[in-house]
Structures are given as C-alpha cells and as structure tokens.
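Residue-level listing of the chains:
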Amino acid sequence: LEESWIMILDELEVPHSDNLSMRAFLGDDVKIREWNVYGLPNDSLSVENGIILNSCRRWPLMIDPQNQANNFIKKYGADHDPPIGILKASDEKTMIKQLEIAIPMGKWMLLEKIGEKLDPSLDPLLQQQKVKKGTNWMMKLGDTPVPYSEDFKFFMTTTL
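Residues numbered from 1 in each chain as written. Predicted model: local features only at pLDDT ≥ 70, side-chain atom pairs only at ≥ 80, totals over all residues. Heavy atoms only, no water.

Enquirer: Hey, could you run me through the sheet that holds strand S7 (residues 154-158) in this one?
Expert: Paired through their backbone hydrogen bonds, the strands of a sheet run either parallel or antiparallel. An order of S1-S7-S3-S2 is seen for the four strands of this open sheet, with the pairing classed as parallel. With one partner strand each, in any of the chains shown, strand S1 (61-63) and strand S2 (85-88) form the two edges of the open sheet. If you compare each strand with its neighbour and ignore which way they point, the axes differ by 25 degrees on average. (Pairing = 2+ DSSP bridges. Helix = DSSP H or I, 4+ residues; strand = E, 2+ residues; numbered from the N terminus. Axes fitted to C-alpha atoms, helices over the stretch in contact; angles between N-to-C directions.)

As structure tokens, then:
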C-alpha cells in the first residue's frame, strides 16, 4: 500500500520524504506504545492495522483467525469508561437491546464471531445513519429511535 502511495505521489510530483510510511505519517508513538501494552504486536502490519483502526470513519471489521485483534480490543476497551461490552452475533435477541443502552452512554461495543450475514436491523448503525433532532443526534435501531453519543465506538471481528 505504501509503495503505491509513493508511486502516485511521484507521478503527481508531490514532494515527500524518502522514508515515507504510514507509521511515520499517521502514527503517534505514544499511542502505539499504549497499544503494545494492551497486547497489539509491534510488527509493522499490526501497527498499520492499529492506525487504520484508530483513524477510520466507519466501524472496523477485523478478519481475525488467531483472535489477536479480538483480544487486543477487549483489553484496550476494558480500561475505557464505561468498559467495553461484548456482543455475540448469534445472540440476536439481546444484541439490539444492549446496543440501545450502549449507544447513548458512549459505551464501546465489540460484536464478535460474525458470520457472512448480519441482522438487517443493524444497518442504520453500520451505515451511521444519524439524524439531528433538536440539539441531539438520534439513530433508529429496529423501531426505536436512540440518542447517539459521539463517544460510542463499534468494533466487529470474525474468524472467517
């Protein structure tokens, strides 16, 4: 990925340093060390994935056959206030109710072991369909409008 960025920058004649990398450009050494404390391996691929995870606009889906990302997110979110909540994709009955409680609180949620299909009632969450109502943001989950907190984060993992 970095090589293709450098080629595009060269084609467009954009000045850049010779040692351009995602870690050097977007990374924060203090944040990366914090991730390492919480169990993220220090190899370049893991750090680049952490940078993407930290700066992406959409909710990340991590393909995680060895459960490294799952364990990292659990440890990292355990110190968040309130602590991260864990959802199982197979437990569709309580998943929406837990999200209805978590979203207004700004609670981080991890949906683990997702399959090839997700409950369609999650679509507004996945697409971040927020509506401004007065001074608050609202999101509709199922039939219920839910106040939306900007502190809310949603992570998904799968072993597929």
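Enquirer: What's the story with the packing of aromatic side chains in this structure? I'm lost.
Expert: Each aromatic ring pair is characterised by the separation of its centres together with the angle its planes make. Tallying each qualifying case throughout the model produces eight aromatic pairs. Judged by centre distance (5.6 Å) and plane angle (80 degrees), the ring pair of Trp59 and Phe152 falls under edge-to-face. With Trp59 in the loop between helix H4 (44-55) and S1 and Phe152 in the loop between strand S6 (144-148) and S7, this pair connects stretches of sequence that are 93 residues apart. Its relative accessible area of 2% is what places Phe152 among the buried residues. Measuring from centroid to centroid gives 6.5 Å for Trp59 and Phe154, while their planes differ by 85 degrees, and the two rings are edge-to-face. With a gap of 95 residues between them, Trp59 in the loop between H4 and S1 and Phe154 in strand S7 connect regions that are remote in the sequence. Phe154 matches Trp59 in its accessibility class, with the two residues each being buried. In this structure, Lys130 is placed above the aromatic ring of Trp137, and the distance from its NZ or CZ to the ring centre is 5.7 Å. (Phe/Tyr/Trp six-rings, centres within 6.5 Å; stacked < 30°, edge-to-face > 60°. Buried < 20%, exposed > 50% of the residue type's maximum accessible area, 1.4 Å probe, protein only. Lys NZ or Arg CZ within 6 Å of the ring centre and 35° of its normal.)

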